[in-house]
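Examining the three-dimensional arrangement
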Amino acid sequence: MSYTGPDFEPPQPRRSPLRRPLTVAIAALVPGALLGWGVYAAVSGPDDGGGGGADRASGARTSAAPSSDGPASPSAAPKAPTGTSPSPSTRKPSPSASKSAPARGANGPLEGKVVVIDPGHNPGNFRHASEINRKVNVGTHWKECDTTGTATDAGWPEAKFTLDVAHRLRTLLEEQGATVELTQDDDRPYGPCVDERARIGNEAKADAAISIHADGSGAGNRGFHVILPGSVHDGEADTRAIVAPSAELGQRIAGGFVRVTGSAPSNYVGGGTGLVTRTDLGGLNLSTVPKVFIECGNMRDGKDAALLTSGDWRQKAAQGMSEGIVSFLRG
Ligand code: ZN
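The rules behind each value
Residues numbered from 1 in each chain as written. Predicted model: local features only at pLDDT ≥ 70, side-chain atom pairs only at ≥ 80, totals over all residues. Heavy atoms only, no water. Helix = DSSP H or I, 4+ residues; strand = E, 2+ residues; numbered from the N terminus. Expected span 1.5 Å × (residues − 1). Buried < 20%, exposed > 50% of the residue type's maximum accessible area, 1.4 Å probe, protein only. Axes fitted to C-alpha atoms, helices over the stretch in contact; angles between N-to-C directions. Parallel < 35°, antiparallel > 145°, perpendicular 65-115°, else oblique. Left-handed = near helix turned anticlockwise from the far one by under 90°. Contact = heavy atoms within 4.5 Å. Nonpolar A, V, L, I, M, F, W, Y, C, P; charged D, E, K, R; others polar. Disulfide = S-S within 2.5 Å. Core = buried A, V, L, I, M, F, W, Y, C linked by side-chain atoms within 4.5 Å. Phe/Tyr/Trp six-rings, centres within 6.5 Å; stacked < 30°, edge-to-face > 60°.

**Thoughts on helix α7 (residues 158-175)**
- For α7, which comprises 18 residues, the first-to-last C-alpha distance of 26 Å matches the rise-based estimate of 26 Å (1.5 Å per residue) to within 8%.
- Listed in full, the buried residues belonging to α7 are E158, A159, F161, T162, L163, V165, A166, L169, L172, L173 and E174.
- Once α7 finishes, G177 follows within two positions and takes phi at roughly 100°, a positive value.

**Overview of the packing of α7 against helix α12 (residues 311-330)**
- Where α7 meets α12, the closest approach of the two axes is 9 Å, and the angle between their N-to-C directions is 50°. The angle between α7 and α12 falls in the class oblique. Handedness of the crossing formed by α7 with α12: right-handed. Here α7 contributes F161, D164, V165, R168, L169, L172 and L173 to the contact with α12, which in turn contributes G311, W313, R314, Q315, A318, Q319, M321, S322, I325 and V326.
- Residue composition of the contact of α7 with α12, grouped by class: 10 nonpolar, four polar and three charged.

**Some thoughts on the packing of helix α9 (residues 243-261) against α12**
- Between α9 and α12, whose axes approach to 7 Å, the crossing angle comes to 140°. The pairing of α9 with α12 is recorded here as oblique in orientation. Remark: the crossing between α9 and α12 carries right-handed chirality. Packed against α9, whose contacting residues are P245, E248, L249, R252, I253, G256, F257, R259, V260 and T261, the element α12 presents W313, K316, A317, Q319, G320, M321, E323, G324, I325, S327 and F328 at the interface.
- Taken together, the residues that form the contact of α9 with α12 break down as 10 nonpolar, six polar and five charged.

**Regarding the state of the cysteines**
- Inspection of every chain in the model, using the stated rule, returns one disulfide.
- Residue pairing for C145: its cysteine sulfur links by disulfide to C193, the two sulfurs lying 2.2 Å apart. Taking the torsion about the sulfur-sulfur bond, which here is approximately -90°, the covalent link between C145 and C193 counts as left-handed. A residue pair is termed long-range when its members are at least 10 positions apart, and C145 in the loop between β4 (142-144) and α7 and C193 in the loop between β5 (179-182) and α8 (194-203) qualify at 48 residues. Both residues of the pair, C145 and C193, belong to the buried class.

**With respect to the nonpolar core**
- Among the nonpolar cores identified, the biggest contains 41 residues, and I117, F161, L173, I210, I212, M321 and I325 are the most heavily contacted of them.
- Leaving out residues up to four positions away in the same chain, I117 has contacts with A166, L169, R170, L173, V180, E181, L182, T183, I210 and I212.
- Core analysis: the second largest hydrophobic core is formed by nine residues, V136, C193, V194 and A198 among them.

**Focus on unusual backbone geometry**
- With an omega of 10°, the peptide bond between G191 and P192 qualifies as cis.
- Note on placement: P192 falls in the loop between β5 and α8.
- In the Ramachandran plot, K205 falls in the positive-phi region, its phi being about 55° despite a non-glycine side chain.
- With respect to the helices and strands, K205 occurs in the loop between α8 and β6 (208-215).

**Notes on the environment of T147**
- Among the structural elements, T147 can be located in the loop between β4 and α7.
- Taking the C-alpha atoms as reference, T147 lies 6.1 Å from H121; in sequence the two are 26 residues apart.

**A few points about the packing of aromatic side chains**
- Using the criterion set out here, one finds three aromatic pairs in the structure.
- When the centroid spacing of 4.7 Å and the interplanar angle of 45° are considered together, the rings of F224 and F257 count as tilted. With a gap of 33 residues between them, F224 in the loop between β6 and β7 (225-229) and F257 in helix α9 connect regions that are remote in the sequence.
- With a relative accessible area of 0%, F224 lands in the buried category.
- Residue classification places F257 among the buried positions, given a relative accessible area of 0%.
- Here F257 and W313 contribute two aromatic rings whose centre-to-centre distance is 5.8 Å and whose plane-to-plane angle is 80°, an arrangement assigned as edge-to-face.

And the structure:
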């Protein structure tokens, strides 16, 4: 979820003087990427889609999680010092930050390419409120280390969703020969903090990085959107060199996502482009490699939740992201 957490604060994109022009420019530059969605929508309709039947059942029980309601996580969110990041895991070849051996696609088209996948939040965050609420410096300001993330009305947590999609995406990218690293794999009690999530991509010298999320907006708000880093140069943050390549990465991912899932771009942010530029996210502000976030849908909307809880749909979501990343990396 994005608008309720540490790395996600109330959407003010609307007001950002940066956003509109950039979005428009982007839309103008990459119409091709999103064109597919209009066509698809016309043919099959943007909603419904993956039967969430089976998955739903399983998902319905994880109630422990962020029992949150919209604003739930915002408050339950973060605050931790990262300089001291408690995450021993990420620094080194930690368990999560372990590079998966490109066993299968060693000779694929992405051989030699490194992709860092950041599964948003962590299933254990809700048990570590004080730790994730500590503040970390994200260049422009201080914000919570991490947040719990949102959940479906039935209680299936975003953190489970992000890990599942991350695993699917990792498999697809490895099949193409890429070396893939996850920022966390449910192998640590909480976190990592947002600054550390960025650092992992930087230290891996990732050719592309993607942070996976699902939103926690109001019912009726539907669709996906890709968040692009805006230009920030403040403190430790300097995104100037990654703004352009990240925009290209994001456009390609949005295009792939639309084509494969058939989902429509967000109907509540991005003006129908599926692209939003933000300068308040630590995970983007502190990145020195091309990076974007993707909000795959709105967990608080029944129709979107039906998709998000469907394994078949999640596979399509991962496939769409993979196609966009492959396209970006192959130029
Ligand atoms: Zn999230």
